[in-house]
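Chain by chain, the residues:
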Amino acid sequence: MGVIMVFLLLIATFSLGDARPSRCNRGWQKFGSRCFRFEETLRSWTEAEHHCQSLGGHLASVHSWKESRFLETLSVGSPLTWIGGNDGGRPELRKDRRWSWTDGSGFNYHEWAQGEPNNYNGVREPCIQMNFGEKHRWNDEVCEKRFASVCSRSH
Ligand SMILES: [Ca+2]
């Protein structure tokens, strides 16, 4: 009996300690431990990140194939869409580029389209967009170009 009580208390403790949202605010869609929001308005990558910050989040980071497919569905009509990946835009990083996410999470997954990232025609492309090409993968692109975007936040 005592063992069962301890077990139940442990379950209760972990349930209370779970910070994952049970649901997201209006206009946001839950996936895993985060809430996501597709922004149809065309913005530069920097404008898009600032907009996401004004909503209490960042441009979305992506960490799995399933998460990526969810975002593909969320981006209505699958237009080219900014996500939070960038390599800092430092001109010295033409090769061996070091990617990071604006939300500070680890860059532990990628879904580059064939031949990407490529700094196309020798022009620096420091920012990542999704829904690129027939297979809807990732492309590095010039940050000043204006596209749809997807934000994420933890609540
Ligand atoms: Ca590219």
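Up top is the structure these notes are about.
Now for a look at the structure at hand. (Residues numbered from 1 in each chain as written. Predicted model: local features only at pLDDT ≥ 70, side-chain atom pairs only at ≥ 80, totals over all residues. Heavy atoms only, no water.)

### Topic: the packing of aromatic side chains
Under the definition given, this model contains 9 aromatic pairs. With a centroid separation of 5.0 Å and an interplanar angle of 25°, the aromatic rings of Trp-101 and Phe-107 are classed as stacked. On the accessibility criterion, Phe-107 (24% relative accessible area) is partly exposed. Put simply, the rings of Trp-99, Trp-101, Phe-107, Tyr-109, Trp-112 and Trp-138 touch in pairs and so form one group of aromatic residues. When the ring centre of Trp-65 is taken as reference, the NZ or CZ atom of Arg-69 above it lies at 4.0 Å. Stacked on the ring of Trp-28, the Lys or Arg Arg-153 has its end atom at 4.1 Å from the ring centre. (Phe/Tyr/Trp six-rings, centres within 6.5 Å; stacked < 30°, edge-to-face > 60°. Buried < 20%, exposed > 50% of the residue type's maximum accessible area, 1.4 Å probe, protein only. Lys NZ or Arg CZ within 6 Å of the ring centre and 35° of its normal.)

### Quick notes on the coordination of the calcium ion
Within the protein, Glu-116 (OE), Asn-118 (OD1), Glu-125 (OE), Asn-139 (OD1), Asp-140 (O) and Asp-140 (OD) serve as the donor atoms for the calcium ion, at 2.2 to 2.5 Å. Of note is the calcium ion, whose 6 donor atoms meet at the metal with angles of 70 to 146° in an arrangement that counts as irregular. (Donors = N, O, S within 2.8 Å, 3.2 Å for Na, K, Ca; no water. Tetrahedral: all angles 85-135°; square planar, octahedral: opposite > 155°, others 65-115°.)

### Description of helix H3 (residues 65–74)
Along H3, the residues that are buried comprise Glu-67, Ser-68, Phe-70, Leu-71 and Leu-74. When H3 is viewed along its axis, its buried side chains cluster within an angular range of 160° and face the same direction. The exposed residues of H3 that point more than 90 degrees off its buried face are Lys-66 and Thr-73. Buried residues along H3 sit in contact with strand E1 (29–31), strand E2 (34–43), strand E6 (127–132), strand E7 (137–141) and strand E8 (147–153). (Helix = DSSP H or I, 4+ residues; strand = E, 2+ residues; numbered from the N terminus. Arc of directions from axis to C-beta. Contact = heavy atoms within 4.5 Å.)

### Things to note about the pairing of E2
The side chains of a regular strand alternate, residue by residue, between the two faces of the sheet. Sheet analysis places E1 next to E2, joined by 3 bridges and oriented antiparallel. Residue Gln-29 lies in a different strand from E2, and its bridge partner there is Phe-36. Hairpin geometry of E1 and E2 is characterised by an intervening segment of 2 residues between the two adjacent antiparallel strands and by a positive phi of about 60° at Gly-32. Bridge analysis of E2 against E8 gives 6 bridges, and the strand direction is antiparallel. Residue pairing for E8: Arg-37 is matched across the bridge by Cys-151. (Pairing = 2+ DSSP bridges.)

### Comments concerning the environment of Cys-151
As for its placement among the helices and strands, Cys-151 is situated in strand E8. When its relative accessible area of 0% is taken as the criterion, Cys-151 is described as buried. With 69 residues separating them in the primary sequence, Cys-151 and Trp-82 have C-alpha atoms 9.1 Å apart. Apart from the residues lying within four places of it in its own chain, the contact partners of Cys-151 are Trp-28, Cys-35, Phe-36, Arg-37, Glu-39, Cys-52, Leu-55, His-58, Leu-59 and Ala-60.

### Side note on the pairing of E6
Across the 6 residues that make up E6, a large majority, 5, are buried. Here 3 bridges tie strand E4 (residues 81–86) to E6, and the two strands are oriented antiparallel to one another. Residue Trp-82 lies in a different strand from E6, and its bridge partner there is Gln-129. With 4 bridges connecting them, E6 and E7 associate as antiparallel partners. Bridging across to E7, Gln-129 finds its partner in Asn-139. The turn joining E6 and E7, which pair antiparallel and follow one another in sequence, is formed by 4 residues; a positive phi near 75° is taken by Gly-133.

### Concerning the state of the cysteines
Tallying each qualifying case throughout the model produces 3 disulfides. Disulfide pairing is shown between Cys-24 and Cys-35; the S-S distance is 2.0 Å. The chirality of the disulfide connecting Cys-24 with Cys-35 is left-handed, given an S-S dihedral of about -90°. Note that Cys-24 is positioned in the loop between helix H1 (2–16) and E1 and Cys-35 in strand E2, a separation of 11 residues in sequence. Shown here is the disulfide that connects Cys-52 with Cys-151, its sulfur atoms set 2.0 Å apart. The S-S bond linking Cys-52 to Cys-151 shows a torsion near -80°; that makes this disulfide left-handed. Of this pair, Cys-52 sits in helix H2 (residues 45–54) while Cys-151 sits in strand E8, and the two are 99 residues apart along the sequence. Across this residue pair, the class does not change: Cys-52 and Cys-151 are buried. Taken in sequence order, the bonded cysteines of the chain link in the pattern 1-2, 3-6, 4-5. (Disulfide = S-S within 2.5 Å.)

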